[in-house]
There are 2 protein chains.
Amino acid sequence: MVEPGRRPTIADIAREVGVTKGAVSFALNGRPGVSADTRARILAAAERLGWRPSTVARSLSNLRSGSVGLVVTRPRSLLGVEPFYMRLIAGLERALHADGRSLLLAVTDHPGDAAEIYRAWWSERRVDGLVLTDLRTDDPRLAAVTDLGIPTVALGAPGPLPGLSTVTGDDGPTLRAALDHLAGLGHHRIARVSGPAGFAHAARRHAEFAAAHRTLFGTDPRQAHTRYVADQVLAATRELLDDPEPPTAVVYDSDLMAVTVVGSAAELGVRVPADLAVLAWDDSPLCELVRPRVSAFAHDVDADGATAVSLLIEQLRTGTPGHAELSPRTLTVRGSTAG
Amino acid sequence: MVEPGRRPTIADIAREVGVTKGAVSFALNGRPGVSADTRARILAAAERLGWRPSTVARSLSNLRSGSVGLVVTRPRSLLGVEPFYMRLIAGLERALHADGRSLLLAVTDHPGDAAEIYRAWWSERRVDGLVLTDLRTDDPRLAAVTDLGIPTVALGAPGPLPGLSTVTGDDGPTLRAALDHLAGLGHHRIARVSGPAGFAHAARRHAEFAAAHRTLFGTDPRQAHTRYVADQVLAATRELLDDPEPPTAVVYDSDLMAVTVVGSAAELGVRVPADLAVLAWDDSPLCELVRPRVSAFAHDVDADGATAVSLLIEQLRTGTPGHAELSPRTLTVRGSTAG
DNA sequence: CTGAAAGCGCTTACAG
DNA sequence: CTGAAAGCGCTTACAG
């Protein structure tokens with residue numbers, strides 16, 4: 001008998017069926033070592049009592065927490081509007097949930113805190129592994145996870161990293177496709193506004209865009225680095241437009257950046273797309289909020305999150321990091337780059 | 001000696017200092033029962049070894065998980081663009097983190113799943129309590145958490161609920177302020193587009209807006225219920241505008257709704273604010289993305305999350321649910337309701 | 001194949 | 001004030 005309110009344990013089942021707790025554990029975990037008849041009676045009792053395994057008890061035995069950690073190190077003000085993070089979190093949670101795991105989340109405005117949080121999580125045995133995003137050039141977090149030996153997957157890493165699982169992507173083809181699309185519309189002064197150079201992905205795209213531009217036009221493109229904040233994006237754009245030979249098209253490093261510019265076109269003194277074509281890296285419903293709607297390169301955040309999770313789970317099982325590709329980016333043409 | 005890679009436990013500290021594990025536990029938790037000298041030596045050893053408590057071990061002893069659960073039951077497609085959820089999650093995480101707790105998150109497209117997830121979390125001892133949002137009229141989750149006896153705080157509940165902590169707000173004054181603001185600009189045909197009637201907050205605001213409108217104008221206002229999806233919001237707006245005496249101002253139930261309408265004003269055949277003034281419930285940077293910028297009633301999501309968390313923690317400690325008020329809403333006037 | 005026992009890393013009621 | 005021991009709910013190596 002289990003008094004109401006108390007949640008049943010394997011001891012209750014064992015008493016009910018008249019076997020040991022060990023036998024119950026074997027039966028419930030589908031391991032050999034218990035007769036078919038006993039197993040059936042144990043499963044029936046578990047069902048009848050409404051037994052579910054205690055996650056913490058199992059974790060303590062396993063020395064595994066069942067959780068995967070993600071530290072989002074972006075300003076809170078950005079988090080609300082930049083759709084990427086919510087989508088990433090939802091995607092990771094879905095993939096982890098499907099494997100009976102959960103996501104441990106921390107949000108901090110200060111990037112330097114991340115390594116400290118990892119250290120605490122690891123020593124408190126809160127996480128079995130980590131998902132890293134927004135890798136920086138010379139990222140201090142890499143040393144931290146390597147030193148501590150935390151199984152980790154780096155999502156969107158520029159390339160394979162020693163000891164980590166990585167989900168990498170080659171942005172070159174996408175950036176060439178961006179240039180091709182715009183050049184096909186008659187543009188030949190095509191600039192780019194990039195995220196902060198401190199981000200590995202921004203630095204890499206910066207270099208790859210330059211290379212693609214040189215191949216196509218034989219010259220270096222104009223590119224600006226800026227933070228993902230509205231007024232700085234507008235300032236960077238204004239500076240590009242102040243050039244004696246201003247660009248007629250700009251590729252932005254996020255959908256939010258591009259949407260901000262299209263929304264503020266009048267203040268910038270340009271018409272989109274007549275004076276300035278605008279193309280976004282990353283797509284989201286934000287791109288459909290402004291007029292003209294914003295052309296964008298979409299990628300499948302859910303799929304990339306699932307890829308990262310499966311690599312990490314595999315690494316937890318085998319001890320060996322794995323590598324995979326980001327989902328490809330596909331262009332959706334809308335009004336902001338109309339012909 | 002603790003071999004490298006292995007994380008130290010209180011047994012290591014006990015051996016190092018030459019006392020029992022119990023003494024170590026008392027010392028580390030600041031409880032009486034150990035001499036000042038021993039305590040100091042224990043703390044020093046813990047520091048030297050880099051000891052941190054194992055969360056799962058502590059949870060198993062305490063029979064408390066240290067986690068609070070949130071199930072977000074909105075379509076994933078909405079989650080990316082609607083800033084509220086990411087802000088709520090970040091706010092809850094911050095408040096919980098400050099208390100050494102963590103947020104367990106699940107995202108599901110299907111509202112019916114939530115009660116099932118609560119049940120699983122509870123029986124697996126994954127959570128100590130829950131945060132409920134987006135209460136529905138006759139919400140099946142209420143019966144579930146009451147039956148199971150899960151400590152729960154309902155954020156944005158219409159009023160006190162038996163057995164639950166609640167953070168409630170009176171929307172009446174805000175809706176009257178909305179009408180006053182618009183009437184002050186000369187509007188007297190003021191409609192409202194509301195979220196689905198199934199949501200308790202939408203139903204309540206619907207009724208309170210009607211009451212406020214009757215008080216001010218002596219007539220019932222036109223109001224429409226719609227899902228938080230772009231085309232349905234536009235359809236509802238179009239229907240209002242098709243009236244022989246169309247409204248000259250509309251109050252929308254979210255910033256995203258209002259921004260969608262302002263972004264699509266041309267398709268709707270209206271100029272904002274000349275033909276149609278637009279006012280949003282909830283503020284976010286989205287409101288600054290379109291032109292004209294959208295006037296909105298802001299509230300402090302972070303503060304409300306912190307309030308919910310502190311009520312829940314108090315309830316976990318005392319067993320008694322508490323009640324508090326939502327942060328007040330403040331109007332930011334922008335171009336969409338310019339004079 | 002089966003069962004009794006130890007162990008995961010903590011906390012705490014209880015006896016000296 | 002101090003210490004030895006049992007317990008939280010599982011898993012699993014080991015002996016019958």
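Residues numbered from 1 in each chain as written. Chains lettered and ligands numbered in written order. Predicted model: local features only at pLDDT ≥ 70, side-chain atom pairs only at ≥ 80, totals over all residues. Heavy atoms only, no water.

For chain A, the name recorded in an unreviewed UniProt entry is LacI family transcriptional regulator, with Actinocatenispora rupis as its organism.

1. So, the relation of the copies chain A and chain B
What counts here: Overlaid copies result from least-squares superposition on C-alpha atoms, with residues included only where pLDDT is at least 70 in both.
With an RMSD of 0.0 Å, the operation that places chain A on chain B is a rotation of 180° combined with a shift of 0.0 Å along the axis. Seen this way, the second copy is the image of the first under a two-fold rotation axis.

2. Side note on the protein's contact with DNA strand C
Definition in use: Proximity is defined per residue: any heavy atom of the residue falling within 4 Å of a molecule or strand makes that residue near it. Two N or O atoms form a polar contact when they lie within 3.5 Å of each other; inside protein one atom must be a possible hydrogen donor and the other a possible acceptor, and for residues adjacent in sequence the pair counts only when both atoms belong to side chains. For the purposes of this entry, the term helix denotes a DSSP run of H or I that reaches at least four residues, the term strand denotes a run of E that reaches at least two, and both are numbered from the N terminus.
Around DNA strand C, a shell composed of 23 residues is seen, among which V34 and S35 of chain A together with K21, S25 and S61 of chain B lie nearest. In DNA strand C, atoms within 4 Å of the protein come from the sugar-phosphate backbone in 62% of cases. Residue S54 of chain B places a main-chain N or O atom 3.4 Å away from a phosphate oxygen belonging to DNA strand C. Between DNA strand C and the protein, one listed contact pairs a base oxygen with a side-chain N or O atom of S61 of chain B at 2.4 Å. Listing elements by their share of the surface near DNA strand C, those giving two or more residues are α4 (55-62) of chain A together with α2 (21-28) and α4 (55-62) of chain B.

3. Looking at the interface of chain A and chain B
The condition is simple: Two residues form a contact once any of their heavy atoms are found within 4.5 Å. Once two parts are put together, the accessible area they lose, assessed with a 1.4 Å probe and summed over both, is termed the buried area. Whenever Lys or Arg places a side-chain nitrogen within 4 Å of a carboxyl oxygen from Asp or Glu, that contact is recorded as a salt bridge. Residue polarity follows a fixed list, in which Ala, Val, Leu, Ile, Met, Phe, Trp, Tyr, Cys and Pro are nonpolar, Asp, Glu, Lys and Arg are charged, and the others, Gly among them, are polar.
Contacts between chain A and chain B engage 51 residues on the former and 51 residues on the latter. At the boundary of chain A with chain B, total buried surface from both sides reaches about 4800 Å², with 58% on carbon and sulfur atoms. By the criterion of area lost to chain B, the three top residues of chain A are R7, M86 and R125 of chain A, representing 16% of everything that side buries. The tally of links from chain A across to chain B stands at six salt bridges. Linking E124 of chain A and R52 of chain B is a salt bridge whose minimum nitrogen-to-oxygen distance equals 2.2 Å. The interface formed by chain A and chain B includes 20 residue pairs in polar contact (both at pLDDT 80 or more). At the level of secondary structure, the elements contributing two or more residues to the side of chain A that touches chain B comprise α4, α5 (76-81), α6 (83-98), β2 (102-107), α7 (113-123) and α12 (255-263) of chain A. Looking at which element gives the most residues to the side of chain A that touches chain B, the answer is α6 of chain A, with nine residues. Its residues placed into classes, the side of chain A that touches chain B shows 25 nonpolar, 13 polar and 13 charged.

4. Considerations on the protein's contact with DNA strand D
Of all residues adjacent to DNA strand D, which total 22 residues, the nearest are K21, S25 and S61 of chain A together with V34 and S35 of chain B. When atoms of DNA strand D within 4 Å of the protein are sorted by moiety, sugar and phosphate together comprise 62%. Within the contact set of DNA strand D, a base nitrogen lies 2.9 Å away from a side-chain nitrogen or oxygen of S61 of chain B. Counting residues per element, the ones that place at least two in the surface near DNA strand D are α2 (21-28) and α4 of chain A together with α4 of chain B. Broken down by class, the residue content of the surface near DNA strand D amounts to seven nonpolar, eleven polar and four charged.

5. Section: the sheet that holds strand β7 (residues 223-225) of chain A
Residue and element names in this part refer to chain A. How we decide: A pair of strands is labelled paired if DSSP reports no fewer than 2 bridges between them. For helices, the fitted axis covers only the stretch in contact; all axes are lines through C-alpha atoms, and the angles between them, taken along N-to-C directions, range from 0 to 180 degrees.
With respect to topology, six strands assemble into an open sheet ordered β7-β6-β8-β9-β10-β12, the strand pairing being mixed. Bordering the open sheet on either side are β7 and β12 (330-332), each of which pairs with just one other strand. This sheet shows a mean twist of 20° between the axes of neighbouring strands, independent of strand direction. Where strand β10 (residues 295-298) and β12 come together, three bridges link them in antiparallel fashion. Counterpart to A298 in the pairing with β12 is T330. Its contacts with the sheet put helix α10 (residues 200-217) on β6 (190-194), β7, β8 (249-252) and β9 (277-281), and the angle it makes with β6 is roughly 175°. Of the strands in this sheet, β6, β7 and β8 touch helix α11 (residues 230-241), which is tilted by about 155° from β6.

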